[in-house]
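Coordinate analysis (summary)
Spelled out, the chains give:
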Amino acid sequence: RSFGLEVAGTMSSCREGFESAEFARGIATGDFSAFLARQFREKAAKEPETSRMEHEAVRAFAPDLIYATPLTYKNARRISSALAVPMVLGSLFPAEAPLSNLGFRPFGPPEHPTLIHWSPELTELQPWQTASHLVTGFLIVGGQEDQRVEDRVFGGVEARSKLEGFLEAGAPPVYMGW
């Protein structure tokens, strides 16, 4: 249970990827192409088994609704259709981004509703989106305790010290994240 909801997870943690040498090089250089190439290769190799596991987990869980993100859209849409369970797309991208418009059909009704988790001050629905999209504002979860990650994650001890020094040196910065 999380936030009062029952949740069934079907994918492994992102931690392994974030601990990879390719990710560390991406952080250091700003070039994540090697990291992304590795992620796509691994995903392609695991996709048939992952799809089967997801379908079985969702079927056994028997949800009333499937909440998908653009990253889970392909399998979520397939499972939603196979199990006749309604689906909602939740996008962490602005309304104009292509990933916020998955399922849009110009000559038919939308496949599902889409929630755009952005501030209405920063994104605006187009007239053709108003029947299927809703701008909700950013998702903010309160009451969680801060979690300290190991020093080797996200740059190591030196990078953590620089970040902590920056944060302690002045006014609080603006944070935008997901």
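Provided above is the structure to which this section pertains.
Quantities reported herein were computed from a predicted structural model and do not represent experimental measurements.

**Some remarks on the nonpolar core**
Counting nine residues, the largest nonpolar core consists of Val-58, Ile-66, Ala-68, Tyr-73, Ala-76, Ile-79, Val-85, Met-87 and Leu-89. Contributing elements (two or more residues each) for this core: strand E1 (66-68), helix H4 (73-83) and strand E2 (87-91). Sorting elements by how many residues they give to this core places H4 first, with three residues. Those residues in contact with Tyr-73, other than ones at most four positions away along the chain, are Met-87, Leu-89, Leu-102, Gly-103, Glu-111 and His-112.

**With respect to the sheet that holds strand E4 (residues 133-135)**
Ordered in space as E1-E2-E3-E4, the four strands form an open sheet in which the pairing is parallel. The sheet terminates laterally at E1 and E4, the two strands that pair on one side only. Taking each pair of neighbouring strands and ignoring which way they run, the sheet shows an average axis angle of 25°. Direction of pairing for E1 relative to E2: parallel, over a ladder of three bridges. Residue pairing for E2: Tyr-67 is matched across the bridge by Val-88. Sheet contacts for H4: E1 and E2; angle to E2, the most-contacted strand, approximately 165°.

**Quick word on the pattern of salt bridges**
Tallied over the entire structure, the rule returns seven salt bridges. Arg-38 is the partner of Glu-42 in a salt bridge, and the nearest nitrogen-oxygen pair spans 2.7 Å. Here Glu-42 pairs with Arg-38, and both are found in helix H3 (residues 33-61), just four residues apart, close to one helical turn. In this structure Glu-42 comes out as partly exposed when scored by relative accessible area, which is 30%. Of the charged contacts in the structure, one is a salt bridge between Arg-59 and Glu-56, with a shortest N-O distance of 2.7 Å. One end of the pair, Arg-59, and the other, Glu-56, are both in helix H3, three residues apart, so they sit about a helical turn from each other. Relative accessible area serves as the criterion here: at 45%, Arg-59 is assigned to the partly exposed category. Glu-56 gets classed as partly exposed once you look at its relative accessible area, which sits at 33%.

**Here we look at a nonpolar patch on the surface**
A contiguous nonpolar patch, built from Tyr-67, Leu-92, Phe-93, Leu-99 and Leu-139 and spanning about 440 Å² of accessible area, is present on the exposed surface. With respect to the helices and strands, Leu-99 occurs in the loop between E2 and strand E3 (114-116). A relative accessible area of 36% places Leu-99 in the partly exposed class.

Criteria and thresholds
- Starting from 1, residues in each chain are numbered consecutively following that chain's sequence as written.
- Thresholds applied to this predicted model are a pLDDT of at least 70 for local features of residues and 80 or more for the giving and counting of side-chain atom pairs; totals over whole chains, interfaces and linings are not thresholded and use all residues.
- Here the side-chain values reflect all heavy atoms present in the structure, with hydrogen atoms and water set aside.
- What is meant by a nonpolar core is a set of buried Ala, Val, Leu, Ile, Met, Phe, Trp, Tyr and Cys residues, joined one to another through side-chain atoms within 4.5 Å.
- Only protein chains enter the area calculation, which uses a 1.4 Å probe; residues under 20% of their type maximum are buried, those over 50% are exposed, and those in between are partly exposed.
- A run of DSSP states H or I qualifies as a helix once it reaches four residues; a run of E qualifies as a strand once it reaches two. Both are numbered from the N-terminal end.
- Note on contacts: a residue pair is in contact if any heavy atoms of the two residues lie within 4.5 Å.
- DSSP-based pairing: two strands are paired if at least 2 bridges between them are found.
- To get an axis, a line is fitted to the C-alpha atoms, and for a helix only the part in contact is used. The angle between two axes follows their N-to-C directions and goes from 0 to 180 degrees.
- Definition used for salt bridges: Asp or Glu carboxyl oxygen within 4 Å of a side-chain nitrogen of Lys or Arg.
- Only residues above 30% relative accessible area that lack a salt bridge enter a patch, with like-charged residues linked at up to 9 Å and the nonpolar side chains Val, Leu, Ile, Met, Phe, Trp and Tyr linked at up to 5 Å.
- Accessible surface is estimated by sampling points in the Shrake-Rupley manner with a 1.4 Å probe; for residues, cover comes only from the protein chains shown.

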